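The residues making up each chain are set out below.
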Amino acid sequence: MKSKLMNMLEARKGEIVQIRRHLHENPELSFKEEKTAQYIIDFYKGKDVSIQTNVGNGLGIIVTIEGGKPGKTIGLRADFDALPITEEAEVPFRSKNEGVMHACGHDGHTAYLLVLADCINELKDSLSGTIKIIHQHAEETPPGGAKSMMESGALDELDAVFGIHLFPSHPAGVVGYRGGYSMAGRTYFKLAIKGVGGHGSSPHMANDAIVAGAHFVTAVQTVISRRLNPFDMGVVTIGSFDGKGSFNVIKDRIEIEGDVRYMTAETQQLIDKEIHRIVKGIETEFDVQCELTYVPDYPPLYNDPELTEFVKNSLESMKDKEIKKVVEFPVFSGSEDFSYYAEKIPGCFFYIGCKPKGVEKAYFNHHPKFDIDEDALLIASKSVAQVVCRFYEWN
């Protein structure tokens, strides 16, 4: 089966690229991916598969491929939403939707998985098990799509789940892996501080919300520098301080927004506790009212160590001319809602290099000039195909 599958994928490389370019030209934001979801559904029409639509809190799609023989059930996941970014990449298939761009490679994720799923389906009589293709909506915008797709119960029977991400940190031909905690968890927060407004000439008659907010910005940095073990990873970022007003008016209300990153649940709990403690202290110290919204978005991504070692060994044994290196990637402080699958199911989320040819330092994901080497799409499909085939041999 493996040899046939690889040959089929190589023969359909142009189709994978064509699908990616179509999706790239027609990006849609999280929870609004109606046309993209319909495109995916239409791709499977007339094929001998089972399709579930509108899974979870949006437009999630699960396609089930039943093998010809009984065996374990695995999931393959790709996301399909885009970002609120105006594209600046000089490509002939630029976004047609102003202010929306596939700047994170989800178009490529979907393209490779569509064709891979179709090829597997053609060979399913040789498959000893079941594969669920997870086309996931809304990875970019909390609460995301993964959590609700897991909560739907449609994936309860999975024995393992796999996913990939395109990263231009490495050239096409490099595949990366990381066992254990691999990507950071993330929490969003918003702090509204209400004081008493007044005239700049009479601060004693007011209660300045900006001063209280400025103290919070300074104090919250000590959570990382003075409360967190230096060997643990944590980041607190203030991304917005909304205190605009007149130069001679003491503001009565301001809003601060930011996010927190962490690599373990224990670090998450520590930072959570300390930020709430600081907010209570500010209320007392400055005699203001604080309203804190504190919402954990995505947990840290934990790659099952045994499954990751299996993926590494599977990829190293390929001897494929396109896959030149299999390397351990460093821990990445970005977040991924694939973590919701891996919380409940043994999972491995690995990485596909896609740095454009002839570029020394590529624009990273989420940049308006983000672009990929499209050779990485075939590498993604063959890498996941190898993992699938070896998994059923392994089990």
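Residues numbered from 1 in each chain as written. Predicted model: local features only at pLDDT ≥ 70, side-chain atom pairs only at ≥ 80, totals over all residues. Heavy atoms only, no water.

**Student:** Is there a simple way to explain the overall build of the chain in this structure?
**Tutor:** The number of helices and strands found in the chain is 10 helices and 16 strands. Within the chain, the fraction of its 395 residues that count as buried is 56%. In the chain, 82% of the contacts between residues at least 6 apart in sequence involve partners at least 24 apart. (Helix = DSSP H or I, 4+ residues; strand = E, 2+ residues; numbered from the N terminus. Buried < 20%, exposed > 50% of the residue type's maximum accessible area, 1.4 Å probe, protein only. Contact = heavy atoms within 4.5 Å.)

**Student:** Where do I start with the sheet that holds strand 13 (residues 289-298) in this structure?
**Tutor:** Note on sheets: strands pair through backbone hydrogen bonds, and any given pair is parallel or antiparallel. Spatially, 10-12-8-13 is the arrangement adopted by the four strands of the open sheet, whose pairing is antiparallel. Since the sheet does not close on itself, it has two edges, and those belong to strand 10 (234-242) and strand 13, each with one partner. Put simply, the sheet's adjacent strands are angled 15° from each other on average, direction ignored. Alignment of strand 10 against strand 12 (residues 253-262), held across eight bridges, turns out to be antiparallel. For Ile238, the partnering residue across the bridge sits in strand 12 and is Gly258. Taken strand by strand, helix 6 (residues 209-227) contacts strand 8 (185-194), strand 10 and strand 12, and its axis lies near 165° from that of strand 10. Contacting strand 8, strand 10, strand 12 and strand 13, helix 7 (residues 265-286) crosses the sheet at an angle of about 170° to strand 13. (Pairing = 2+ DSSP bridges. Axes fitted to C-alpha atoms, helices over the stretch in contact; angles between N-to-C directions.)

**Student:** Just checking my understanding: could you explain the nonpolar core for this structure?
**Tutor:** Looking at soluble globular proteins, one finds that nonpolar side chains tend to be buried together. Counting residues in hydrophobic clusters, the biggest one holds 72 residues, and the most contacted among them are Leu76, Leu116, Phe162 and Phe350. With sequence-adjacent residues up to four places away left out, Phe162 is seen in contact with Ile74, Gly75, Leu76, Arg77, Leu307, Phe310, Val311, Phe338, Cys348, Val387 and Phe391. (Core = buried A, V, L, I, M, F, W, Y, C linked by side-chain atoms within 4.5 Å.)

**Student:** Looking at this model, I keep getting lost on helix 6. Mind explaining?
**Tutor:** Turn by turn, an α-helix covers 3.6 residues, leaving residues three or four places apart pointing in a common direction. Its 19 residues place the ends of helix 6 26 Å apart at the C-alpha level, agreeing with the 27 Å of an ideal helix rising 1.5 Å per residue. Those residues of helix 6 not exposed but buried are Ala209, Ala212, Gly213, Phe216, Ala219, Val220 and Val223. Looking at the buried positions of helix 6, the neighbouring elements they touch are strand 8, strand 10, strand 12 and helix 7. (Expected span 1.5 Å × (residues − 1).)

**Student:** I would appreciate a short explanation of the pattern of salt bridges in the present structure.
**Tutor:** Counting across every chain of the model gives 33 salt bridges. Of the charged contacts in the structure, one is a salt bridge between Glu374 and Arg20, with a shortest N-O distance of 2.9 Å. Separated by 354 residues along the polypeptide, Glu374 in the loop between strand 16 (347-355) and helix 10 (375-394) and Arg20 in helix 2 (residues 13-25) bring together distant segments of the chain. Here the two residues Glu374 and Arg20 agree in accessibility, since each one is buried. (Salt bridge = Lys/Arg side-chain N within 4 Å of Asp/Glu carboxyl O.)

**Student:** Would you mind showing me how to read the packing of helix 6 against helix 7 here?
**Tutor:** Pairs of packed helices are described in terms of their axes, by the angle between the two and the distance that separates them. At a minimum axis distance of 10 Å, the contact between helix 6 and helix 7 shows a crossing angle of 145°. The handedness of the crossing between helix 6 and helix 7 comes out as right-handed. Together, Val211, Ala212, His215, Phe216, Ala219, Val220, Val223, Ile224 and Arg227 of helix 6 and Leu270, Ile271, Glu274, Ile275, Arg277, Ile278, Val279, Ile282, Glu285 and Phe286 of helix 7 make up the contact between the two elements. (Left-handed = near helix turned anticlockwise from the far one by under 90°.)

**Student:** What am I meant to see in the pairing of strand 5 (residues 160-171) here?
**Tutor:** For a regular strand, the rule is simple: side chains alternate between the two faces of the sheet. Of all 12 residues in strand 5, nine are buried, a share of seventy percent or more. Here strand 3 (residues 69-79) runs beside strand 5; their pairing, made up of four bridges, is parallel. Considered in strand 5, the bridge of Leu76 is made with Phe162. As judged from the eight bridges shared by strand 5 and strand 16, these two strands associate in the parallel manner. Of the residues in strand 16, the one forming a bridge with Pro171 is Lys355.

**Student:** What is the right way to read the packing of aromatic side chains from this model?
**Tutor:** Here the distance between the centres and the angle between the planes together describe a pair of aromatic rings. Applying the stated criterion across every chain, the model contains 15 aromatic pairs. On the basis of an interplanar angle of 75° and a centroid distance of 6.1 Å, the ring pair of Phe162 and Phe391 is categorised as edge-to-face. Within this pair, whereas Phe162 is found in strand 5, its partner Phe391 is found in helix 10, the two being separated by 229 residues in sequence. Given the relative accessible area of 2%, Phe162 is considered buried. Given the relative accessible area of 3%, Phe391 is considered buried. Aromatic rings pair up to connect Phe167, Phe329, Phe332, Phe338, Tyr341, Phe349, Tyr351 and Phe364 into one cluster. Over the ring of Phe43 we find Lys47; its NZ or CZ atom is 5.1 Å from the centre of that ring. (Phe/Tyr/Trp six-rings, centres within 6.5 Å; stacked < 30°, edge-to-face > 60°. Lys NZ or Arg CZ within 6 Å of the ring centre and 35° of its normal.)

**Student:** Would you take a moment to explain the side chain of Gln136 for this structure?
**Tutor:** With respect to the element layout, Gln136 can be found in strand 4 (residues 128-136). One polar contact links Gln136 to Arg77, side chain to side chain, over a distance of 3.0 Å. Ignoring sequence-local partners within four residues, the contact set of Gln136 consists of Arg77, Ala78, Asp79, Phe80, Gly145, Ala146, Met149, Asp337 and Tyr341. (Polar contact = N/O pair within 3.5 Å; in protein donor to acceptor, adjacent residues only side chain to side chain.)

**Student:** Quick question: what am I supposed to make of the environment of Val175 here?
**Tutor:** Note that Val175 resides in strand 6 (residues 174-177). We classify Val175 as buried; its relative accessible area is 0%. Counting along the chain gives 153 residues from Val175 to Glu328, while the straight-line C-alpha distance between them is 8.6 Å. Ignoring sequence-local partners within four residues, the contact set of Val175 consists of Leu315, Ile323, Lys325, Val326, Val327, Phe350, Tyr351, Ile352, Ile379 and Ser383.

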